[in-house]
Amino acid sequence: MSLRFKLLLLALSTLALPLAGWLIVRQMEELLRQGQEQTLTASAKALARSLAALKTALPPAGQAFYVHPCAGSMRIDGYADDWTSLMPYAQNIGPADDAQKAKLLLCTDNDYLYLLAQVRDATRTRADATDPAAQLRDHVTLSLARDNDLRRYLLASAAPGRFDARVLDGEGDSLPQALAGVWQEDADGYRIELRLPRAQMPDSLTLNAFDADAPNNAHIELRPLLLRSPDLSADLAQFAPEGMRVRVLSAEGWVVAESGQLDPAQGYASPALRRWFETLIYRSLIAPGMTPAQDFATSLPRLSSPEIWQALSGVAATAWHPAPNQRSSVVLATAVPLKDDYEVRGALLLEQSGNALPLLTNRALLILIGASLGALVFAGAVLFAFAGVLGLRIRRLRDAVERAKQTSGKGERGFDNQVTLPLIGAKDELGDLSRSFARLLDEVAAYTDYLRTLASKLSHELQTPLAIVKSSLDNLDQQVVPADARTYLVRARSGAERLGAIVRAMSEASRMERAVGGVDAEEFDLAAVVRGCVDAYRPLLAPRRVEADLPASPFLMHGAPELIAQALDKLVDNARSFTPEDGWIRIGLHAHGDGAVVTVANQGPPLPPTMADRLFDSLVSVRPSTAQKTTPVGDAPAGPPHLGLGLSIVRLIAELHRGRASAANLGDGSGVEFSLELHSMPRRALAAP
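Now for a description of the structure that goes with this document. Everything quoted here is computed from the prediction, not taken from an experiment.

Thresholds, definitions, all that
- Residues numbered from 1 in each chain as written.
- Predicted model: local features only at pLDDT ≥ 70, side-chain atom pairs only at ≥ 80, totals over all residues.
- Heavy atoms only, no water.
- Helix = DSSP H or I, 4+ residues; strand = E, 2+ residues; numbered from the N terminus.
- Contact = heavy atoms within 4.5 Å.
- Polar contact = N/O pair within 3.5 Å; in protein donor to acceptor, adjacent residues only side chain to side chain.
- Axes fitted to C-alpha atoms, helices over the stretch in contact; angles between N-to-C directions.
- Left-handed = near helix turned anticlockwise from the far one by under 90°.
- Nonpolar A, V, L, I, M, F, W, Y, C, P; charged D, E, K, R; others polar.
- Buried < 20%, exposed > 50% of the residue type's maximum accessible area, 1.4 Å probe, protein only.
- Pairing = 2+ DSSP bridges.

Time to look at the environment of Asp 138. Position of Asp 138 among the secondary structure elements: in the loop between β4 (112-120) and β5 (139-146). Distance in space between the C-alpha atoms of Asp 138 and Leu 155 is 9.2 Å, their sequence separation being 17 residues. With residues near it in sequence (within four places) discarded, Asp 138 still touches Asp 121, Thr 123, Arg 124, Thr 125, Arg 126, Ala 156, Trp 183, Phe 210, Asp 211 and Ala 212. Engagement of the side chain of Asp 138 in a polar contact is seen with the side chain of Arg 126, the distance being 2.4 Å.

Structure representation (structure tokens):
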């Protein structure tokens, strides 16, 4: 993970500021909402007390049959097509354990009261109402009551179609003397549809459905009819606060009166996109849990939200819901019980548009979001810029150390021969790190120079003792030596000869290092030099397979072809010593930028992971030690000592040609590849005559 990304994550900690602000805004909104709820509840209770003071007729307590306004022209045919919109509000009649057996719907217009009864009865035992045995067959008893009059009618039919009801009992002229309707049947039961004049509409009624196959003598008590009250609506209009909507509900939640209307949303003259964004912010981050708007729709004849039932139980309740046609507005509704002599007769629902609350909270939250985003962007930009500068300084220091590492700790040096690194004069922690790196590189360079000169020093210091040992051995050869001591003399001479070979190799390496620095450059074809070397290697490397990947066209370069050939000799000799006799050696040449890369790959064991960077240092070798071996191993004679000086010469030749030498294992693990990167040597200016 980069330093910039870490600091950017650190900048995200400033998000705690808008989070705290959001919590404060929500708390403020909750307090404002509670205050508004308390105010509206107090207004609703005051309105309820005003209705009680006027002795306004309240809805009856207990169950009642609700009379809907007719949705249109009603046709008495028994098929219930005209009742489709009212079907969800059909009321159950009958005992509580069989509430779904019969349902009733009532509606009225200016002339008639319409009745639709649906009875579930899959078995058919039918008879006409005039049949003496009709009361033992499937039938419905309709009881109507008005003032002090009560009349019962027998509704029955032997077949689908029109029927005439039979009056069972009752007196008085306020109720119809005769009733007629339509009987229709289906697989689930039968339907009865009829009407009676509005002038003779009863105050209460009840239905008792009789099933001949499952007789039930349960008697359904009369229930009052419940209609919308114009008088109560007028009283509400007189006392309802302006800009609010008020409804009076019965004990079962039926709307019996309403008045007033909500004020349209104010303060939303902003563009539609901004209005949508503000609404999204309020609904997602601030607004409390809302009751669905359809639970308080004005088109509903009955309200059944939890808040309504709580008020009908005697406890005031409040609810917030979206305005039905204004997504950017909310409505506060409060329901309080209506009581008469400590008996709950219904509920009063008062609603008020709550536009001011979203406006205040939206503005506060938008200001908070804007300020927080500005602070976050500013802090992020400052930290990102700081991370960029810090990362740039660290990368400069890293690159300088890597360059010094490639030159064995030499690096760039000043007039005082001290390593010059970026930030070495800085007064912060990076300056301390740079100065520590400089001291470390000085020590590495000194140790590297010591190792590079160690071979020449050893070869010079060992020549005299070696000459003394050889002359002493020559003198011993002239003396009479016992036969059992002759073996030790032979071993001593072999060790002296081996030590002499080591000294000569170190002397040769020292001379080569001195010669490399004074070579003269010339123009030559590098491809021809490598091709000639490859042709010479083939018989020497047999039976190993030699492969060449060389360009066909000339590859001109300004440099030392003899030194390049020597470097290639040492690389190929190194590859031969590690390649089995049935293996392969591959030599290649290809362009690389403004220079070339010569590669020597061989089949054999891979390099140790820790030796790839040290392989071209002086006196470093990965071959097994042969210093103690004086006898052949297997069938091969003991080879000359390997001091790790050859690859050191290769590195010097590469650096002379402004390149570098490197080694790496092949990708498939089959061997090792040595690469020699070469560039043209600088051209020397001719001396003036």
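Turning our eyes to something else, we now look at the packing of helix α9 (residues 526-541) against helix α10 (residues 561-578). Two quantities define a packed helix pair, namely the angle between the helix axes and the distance between the axes. Look at α9 against α10: their axes get within 10 Å of each other, and the N-to-C directions meet at 35°. For the crossing formed where α9 meets α10, the hand is right-handed. Only Pro 561, Ile 564, Ala 565, Leu 568, Asp 569, Val 572 and Arg 576 of α10 make contact with α9, whose side of the interface consists of Leu 526, Val 529, Val 530, Cys 533, Tyr 537 and Leu 541. Here the contact of α9 with α10 is built from residues that sort into 11 nonpolar, no polar and 2 charged.

All right, on to the packing of α10 against helix α11 (residues 646-656) then. Packing of α10 against α11 leaves a shortest axis separation of 9 Å and a crossing angle of 145°. Regarding α10 and α11, the two cross each other, and that crossing is left-handed. In this structure, α10 contributes Leu 563, Ile 564, Ala 567, Lys 570 and Leu 571 to the contact, and α11 contributes Gly 646, Leu 647, Ile 649, Val 650, Ile 653 and Leu 656. Within the contact of α10 with α11, the residues separate by chemical class into 9 nonpolar, 1 polar and 1 charged.

Another point: the side chain of Ser 174. Residue placement: Ser 174 occurs in the loop between β8 (166-170) and β9 (180-185). For Ser 174, the side chain forms a polar contact with the side chain of Asp 149, separated by 2.4 Å. Excluding residues that lie within four positions of it along the chain, Ser 174 makes contacts with Arg 146, Asp 149 and Gln 200.

All right, on to the pairing of strand β13 (residues 244-249) then. The element β13 is extensively covered by neighbouring structure, given that 6 of its 6 residues are classed as buried. Every second residue of β13 is oriented toward a common face, with Met 244, Val 246 and Val 248 on one face and Arg 245, Arg 247 and Leu 249 on the other, all of them buried. With 6 bridges joining them, β13 and strand β17 (residues 343-353) adopt antiparallel strand pairing. Across the sheet, the residue bridging to Arg 245 is Glu 351, located in β17. Relative to strand β14 (residues 255-259), β13 runs antiparallel, the two being bridged by 4 bridges. Looking at the pairing, Val 248 lines up with Ala 257 of β14. In this structure, the hairpin formed by β13 and β14 is closed by a connection of 5 residues, where Gly 253 is found at a positive phi of approximately 90°.

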